[in-house]
Amino acid sequence: MNQSKLAIKKWRNVNSIGTLVKFEDVVIVIATKCIDNNHYINYSKLKRPNFYKLNLHDFMMKLIVLNQKGGVGKSTIAVNLADGLADAGKKTLIIDLDPQAHSSVIYSPELPKQETVSELFREKHFDITRLIRPATVALDIKGQEEFRNIPNLYIIPSNIHLATTSEIALSRMHREKILHNYLRQIEHDFDYLLVDCPPTLGVLSVNAIYTADLILIPTNYSKYSLDGIADLFNSIKDVKETDNYRYRILRNLKDLRNKRTNEVIEQQLDQFGVNLLKTVIRKSEAINQAQMSNLPIYLYDPKSPCVEDFKLLTKEILNYDQKETID
Ligand SMILES: Nc1ncnc2c1ncn2[C@@H]1O[C@H](COP(=O)(O)OP(=O)(O)O)[C@@H](O)[C@H]1O
Ligand SMILES: [Mg+2]
C-alpha cells in the first residue's frame, strides 16, 4: 500500500473533522470526514507534503483586524501590515470585508463591479481563487498614473454592494462559517491572511471572527478608547464558543506630545498583559497623507518615522508563535 492510501485509510478511521492535534513539535491532521465532504487536504499544494508531520507553517495564518468602532485604524493597519508581511517575503492575502472598501481602493484601484468578496456570501459554491487578484497600487509619476504590482501581495476586494449581499447571508444556515469554509480551498496557498473588518459586529465580522487564528484589536488614545470593548469580547466569545481565543490589542494614533493622556491610557491598557502588543503606532500626518494618496505608507514616504512602527509591528507578528494557537 503506498503512503497516500495508508494516510487516507487512517483518516477514515478517526472520527473528527478537520481537527489539528499538536504532538511534540509537529501537528497531526485528523480530517476523516473532510474526504466525504470534498474538503480533503490537497496534498499537491502542501509545501512539505508529509501527511503526518505537517508543520503549522503549511497553513495560512489568519489574522483579522477587528473593532466595531470606526476610525481606530483597522484599514490602515490591515493595509500596512499586509505590505510589511509581503515585503518580508510572506505570500499574503488581504480580504476587504468592509463595504466601504478602504483597503480595496488602495490595492485594487480599479474597483471591480463584479467578482468581489460579495460572491462568497451570495453563492453557495464558488471558486474563491477567481476572486484573488494581485495587489496593485496607482502611482502618480510626473502627473501620469502608473499601476504597479506589490510582490507577494494579493487581495480579494469589496465594494458597496457587500452591505446588501451580507443581508442575504443572514437567512442561511451556518452563516457564520461561510468565509471559513471558502478559505479551506486556499489554506495552503498563502502564508498570511489579513481581514479588514467593517465597523460593526454584524454577520461579516462574525464570519471573520469564526475563522480567525489571531484577532488584532486596534485602539486609540482617547478617553473612550475602551468603551465597547466588553461587547466586542462578548461577541468573540459567543462566536468562538470559548474564552480561549487569541487576540492582541494594538495601540494606534499615539500623539507623543500628549504625555499625561498617554500615561493614563497606558495604565488602563496594562490589564491586557501579554495580550498587549509591544508595538505602538504613533499618530502621523504621513499616514493620513498616504491614505489620501491611496498608498501604503512605505510607498508614500519610506523615510517617515511611522514606517519604523509598521516594521516593528510586522516583526512582532512574524515572531508570534503560531503553535500557541493550538492548545
Ligand atoms: N497612526 C495614525 N496616524 C494618523 N492618522 C491615522 C493613523 N491611523 C489611522 N489614521 C487615520 O484615521 C482615519 C481612520 O483610519 P482607518 O484605518 O480608516 O480606521 P477604521 O478602518 O478603523 O475605520 C484615516 O483617515 C486614517 O488615515
Ligand atoms: Mg476601515
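Heads up: the structure comes first, above all this text.
Residues numbered from 1 in each chain as written. Chains lettered and ligands numbered in written order. Predicted model: local features only at pLDDT ≥ 70, side-chain atom pairs only at ≥ 80, totals over all residues. Heavy atoms only, no water.

Enquirer: Help me understand the overall build of the protein in this model?
Expert: Of regular secondary structure, the protein possesses 13 helices and 10 strands. Residues counted as buried form 49% of the 327 residues belonging to the protein. Put simply, of all contacts in the protein between residues at least 6 apart along the chain, 73% involve residues at least 24 apart. Summed over its atoms, the accessible surface of the protein is roughly 16,700 Å², and 49% of this surface lies on carbon and sulfur atoms. (Helix = DSSP H or I, 4+ residues; strand = E, 2+ residues; numbered from the N terminus. Buried < 20%, exposed > 50% of the residue type's maximum accessible area, 1.4 Å probe, protein only. Contact = heavy atoms within 4.5 Å. Areas by Shrake-Rupley, 256 points an atom, 1.4 Å probe, with all protein chains shown as cover.)

Enquirer: When you look at the pairing of strand β8 (residues 214-219) in this model, what are you seeing that I'm missing?
Expert: Regular strands place side chains that alternate from one sheet face to the opposite one. Along β8, 6 of the 6 residues are buried, which leaves the element largely enclosed by surrounding structure. Residues Leu214, Leu216 and Pro218 of β8 are buried on one face, and the alternating residues Ile215, Ile217 and Thr219, pointing to the opposite face, are buried as well. Two strands pair when backbone bridges link them, and β8 and strand β9 (residues 247-254) are joined in this way by 5 bridges, in the parallel orientation. Note that in β9 the partner of Pro218 across the bridge is Leu250. (Pairing = 2+ DSSP bridges.)

Enquirer: Can you help me understand the site of ligand 1 in this one?
Expert: Neighbouring ligand 1 are 16 residues, the closest being Gly71, Lys74, Thr76, Asn252 and Ser284. Within the contact set of ligand 1, an oxygen atom lies 3.1 Å away from a side-chain nitrogen or oxygen of Gln291. Protein contacts shield 86% of the accessible area of ligand 1, which totals 550 Å² for the unbound molecule. Taken together, the elements giving at least two residues each to the shell around ligand 1 come down to α3 (74-87), β9, β10 (276-282) and α11 (285-292). Tallied by class, the residues present in the shell around ligand 1 amount to 4 nonpolar, 9 polar and 3 charged. (Near = heavy atom within 4 Å. Polar contact = N/O pair within 3.5 Å; in protein donor to acceptor, adjacent residues only side chain to side chain. Nonpolar A, V, L, I, M, F, W, Y, C, P; charged D, E, K, R; others polar.)

Enquirer: What am I meant to see in the sheet that holds strand β6 (residues 144-156) here?
Expert: Across a sheet, strands are paired by hydrogen bonds formed along the backbone, either parallel or antiparallel in direction. Taken in spatial order, the 8 strands line up as β5-β6-β4-β7-β3-β8-β9-β10 in an open sheet, and their pairing is mixed. Edge strands, defined here as strands with exactly one partner in the open sheet, are β5 (133-141) and β10. Strand-to-strand twist across the sheet, computed as the mean angle between neighbouring axes with direction ignored, equals 30°. With 8 bridges joining them, β5 and β6 adopt antiparallel strand pairing. If you follow Leu139 over to β6, its bridge partner there is Glu146. (Axes fitted to C-alpha atoms, helices over the stretch in contact; angles between N-to-C directions.)

Enquirer: Mind showing me how you'd approach the side chain of Gln68 here?
Expert: Along the chain, Gln68 falls in the loop between β3 (61-65) and α3. In terms of polar contacts, Gln68 uses its side chain to reach the backbone carbonyl oxygen of Gly228, at 3.0 Å.

Enquirer: When you look at the packing of aromatic side chains in this model, what are you seeing that I'm missing?
Expert: The geometry of an aromatic ring pair is captured by two quantities: the separation of the ring centres and the angle between the planes. Counted according to the given criterion, the structure contains 5 aromatic pairs. The interplanar angle of 50° and the centroid separation of 6.2 Å between the aromatic rings of Phe233 and Phe272 together place this pair among those described as tilted. Residue Phe233 is located in helix α9 (residues 229-240), and its partner Phe272 is located in the loop between α10 (259-269) and β10; the two are separated by 39 residues in the primary sequence. By the burial criterion, Phe233 is buried, and Phe272 matches it. (Phe/Tyr/Trp six-rings, centres within 6.5 Å; stacked < 30°, edge-to-face > 60°.)

Enquirer: Teacher, can you tell me more about the environment of Ile106 here?
Expert: Following the sequence through the fold, Ile106 ends up in helix α4 (residues 102-107). Assessed through its relative accessible area of 6%, Ile106 is described here as buried. Spatially, the C-alpha atoms of Ile106 and Ala290 are 9.7 Å apart, while their sequence positions differ by 184 residues. In this structure Ile106 touches Val79, Thr136, Val137, Asn294, Leu295 and Pro296, once residues within four positions along its chain are discounted.

Enquirer: Looking at this model, I keep getting lost on helix α8 (residues 203-211). Mind explaining?
Expert: An α-helix turns once every 3.6 residues. As a result, residues three or four positions apart point the same way. Most of α8 is tucked away: 7 of the 9 residues are buried. Listed as buried for α8 are Val203, Leu204, Ser205, Asn207, Ala208, Ile209 and Thr211.

Enquirer: When you look at the pairing of strand β7 (residues 192-196) in this model, what are you seeing that I'm missing?
Expert: Taken across its 5 residues, β7 has 5 buried, putting it largely inside the fold. For strand β4 (residues 92-96) and β7, the ladder comprises 5 bridges, and the chain directions are parallel. Along β7, the bridge assignment pairs Thr92 with Tyr192.

Enquirer: Would you mind showing me how to read unusual backbone geometry here?
Expert: Negative phi is the rule for most residues except glycine; trans is the rule for most peptide bonds. The phi dihedral of Asn152 is positive, around 70°, even though this residue is not glycine. Note on placement: Asn152 falls in strand β6. Its identity as a non-glycine residue notwithstanding, His174 has a phi of 50°, on the positive side. By secondary structure assignment, the location of His174 is in the loop between α6 (162-169) and α7 (178-183).

Enquirer: What should I look at first to understand the packing of α3 against helix α13 (residues 305-319) in this one?
Expert: Helix packing for two helices is described by the angle between their axes and how far apart those axes are. Relative orientation of the contacting elements α3 and α13 amounts to 70°, with a least axis distance of 9 Å. With respect to α13, the axis of α3 lies roughly perpendicular. Here α3 contributes Thr76, Ile77, Asn80, Leu81, Gly84 and Leu85 to the contact with α13, which in turn contributes Phe310, Leu313, Thr314, Ile317 and Leu318. (Parallel < 35°, antiparallel > 145°, perpendicular 65-115°, else oblique.)

That is the geometry; function is a separate question.
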